[in-house]
Amino acid sequence: MSKAWLAFFILSYSVFCTFALALPAQKPEQVCATCHQSQVADWQTSHHFHAMEVASDSSILGNFDNASLAYKNQTARFFKKDSGFYIEMPNLTGKLTTYAVAYTFGYHPLQQYMFDFGNGHYQFFPFAWDSRSKQQGGATLVCASS
């Protein structure tokens, strides 16, 4: 290997490590905003900003006030307990099981919900919230499969 390639490799690696170490300490938009303030401001007011968020009062659009929906000849229930959001629905064997909503996915016109399936895997619930207004046919839970 030539000295030029070795120098290039060492410099590239050190730059990569510097950026990799800097990112976890700050949100990506904070890093980007140092040079791209207007683009970050535009992004923060877009639907893309809400593409995937931790489930919270500010991110959940759906009705979790003991709302229900017919699902697989049973009733799925959407509720809030303490500060968490939950969906009770039949598991793969048909037994009603309560799952904590971990993330929201999407924003408008549909918002889906995800739960921790274990071992670092997340799964979508088979439901979505139609976040359009009632006048547009929305503001309701929809089932992606039956």
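As a starting point, this report considers the structure included with it.

Reading the values: rules and limits
- Every chain is numbered on its own, with residues counted from 1 as its sequence reads.
- Local features in this predicted model are restricted to residues of pLDDT 70 or higher, and side-chain atom pairs are both shown and tallied only at a pLDDT of 80 or more, whereas totals for entire chains, interfaces and linings draw on every residue.
- Excluded from the side-chain calculations are hydrogens and water; all other atoms, namely the structure's heavy atoms, are used.
- Strands are labelled as partners when DSSP assigns at least two bridges between them.
- Strands here mean DSSP runs of E at least two residues long; helices mean DSSP runs of H or I at least four residues long; both are numbered from the N terminus.
- Think of a salt bridge as a Lys or Arg side-chain nitrogen and an Asp or Glu carboxyl oxygen that are within 4 Å of each other.
- When accessible area is computed with a 1.4 Å probe and restricted to protein chains, residues below 20% of their type maximum are described as buried, those above 50% as exposed, and intermediate ones as partly exposed.
- Here a patch means residues that are over 30% exposed by relative accessible area and free of salt bridges, tied together within 9 Å if like-charged and within 5 Å if nonpolar (Val, Leu, Ile, Met, Phe, Trp, Tyr).
- For the accessible areas, the method is Shrake-Rupley and the probe is 1.4 Å, while residue cover comes only from the protein chains on display.
- Helix axes are fitted to C-alpha atoms over the stretch in contact, other axes to C-alpha atoms as well, and angles between N-to-C directions run from 0 to 180 degrees.
- Any two residues having at least one pair of non-hydrogen atoms within 4.5 Å are treated as being in contact.
- Only Phe, Tyr and Trp rings take part, Trp by its six-membered ring, and two of them pair if their centres are within 6.5 Å. Stacked means planes under 30 degrees apart, edge-to-face means over 60, and tilted covers everything else.

A look at the pairing of strand β8 (residues 121-130)
Bridge count between strand β7 (residues 110-118) and β8: seven bridges; the pairing is antiparallel. Following the sheet pairing, L110 is matched in β8 by D130. In this structure, β8 lies alongside strand β9 (residues 140-143), joined through four bridges in antiparallel fashion. The residue bridging W129 from the neighbouring strand is L141, located in β9.

Some remarks on the pairing of strand β2 (residues 65-71)
Residues in a regular strand point their side chains to alternate faces of the sheet. In this sheet, strand β3 (residues 74-81) lies alongside β2 in antiparallel orientation, the contact comprising six bridges. Residue pairing for β3: L69 is matched across the bridge by A76. The turn linking β2 back onto β3 is made up of two residues, and K72 within it adopts a positive phi angle of 50 degrees.

Examining the pattern of salt bridges
Within the structure shown, the criterion is met by three salt bridges. Where E88 meets R77, a salt bridge forms, and the shortest distance between an N and an O atom there is 3.5 Å. A residue pair is termed long-range when its members are at least 10 positions apart, and E88 in strand β4 (residues 84-90) and R77 in strand β3 qualify at 11 residues. For R77, a relative accessible area of 29% corresponds to the partly exposed category. We note a salt bridge from D130 to R132, for which the minimum N-O separation is 2.6 Å. The class of D130 is buried, set by a relative accessible area of 6%. Classification of R132 as partly exposed rests on a relative accessible area of 29%.

Description of a nonpolar patch on the surface
Taken together, the side chains of M52, F105 and F124 present a nonpolar region at the surface, about 260 Å² in accessible area. Turning to its location among the elements, M52 is positioned in strand β1 (residues 52-54). Owing to a relative accessible area of 42%, M52 belongs among the partly exposed residues under this scheme.

Some thoughts on the sheet that holds β3
Taken in spatial order, the four strands of this open sheet run β2-β3-β4-β5, and their pairing is antiparallel. Edge positions in the sheet fall to β2 and β5 (96-100), since each of these pairs with one other strand and no more. Taken pair by pair, the neighbouring strands of this sheet meet at an average axis angle of 20 degrees, ignoring direction.

Quick look at the side chain of T104
Within the secondary structure layout, T104 lies in strand β6 (residues 103-105). Beyond its immediate stretch of four places on either side in the chain, T104 contacts A51, M52, E53, A55, S59, I60, Q111, Q112 and Y113.

As for the environment of F124
Examined against the element boundaries, F124 turns out to sit in strand β8. Residue F124 is classed as partly exposed on the basis of its relative accessible area of 32%. On a C-alpha basis, the gap between F124 and M114 in space is 4.4 Å, while along the polypeptide they are 10 residues apart. Those residues in contact with F124 that sit more than four places away from it in its chain are F105, Q112, Y113, M114 and F115.

Things to note about the packing of aromatic side chains
For the coordinates displayed, the defined rule picks out 12 aromatic pairs. With centroids separated by 5.6 Å and ring planes inclined at 20 degrees, the aromatic side chains of F79 and Y86 adopt a geometry described as stacked. Owing to a relative accessible area of 10%, F79 belongs among the buried residues under this scheme. Under the relative-accessibility criterion, Y86 is labelled partly exposed at 23%. On the basis of an interplanar angle of 40 degrees and a centroid distance of 4.7 Å, the ring pair of Y99 and F115 is categorised as tilted. Residue Y99 is found in strand β5, and its partner F115 is found in strand β7; the two are separated by 16 residues along the sequence. Residue F115 is classed as buried on the basis of its relative accessible area of 8%.

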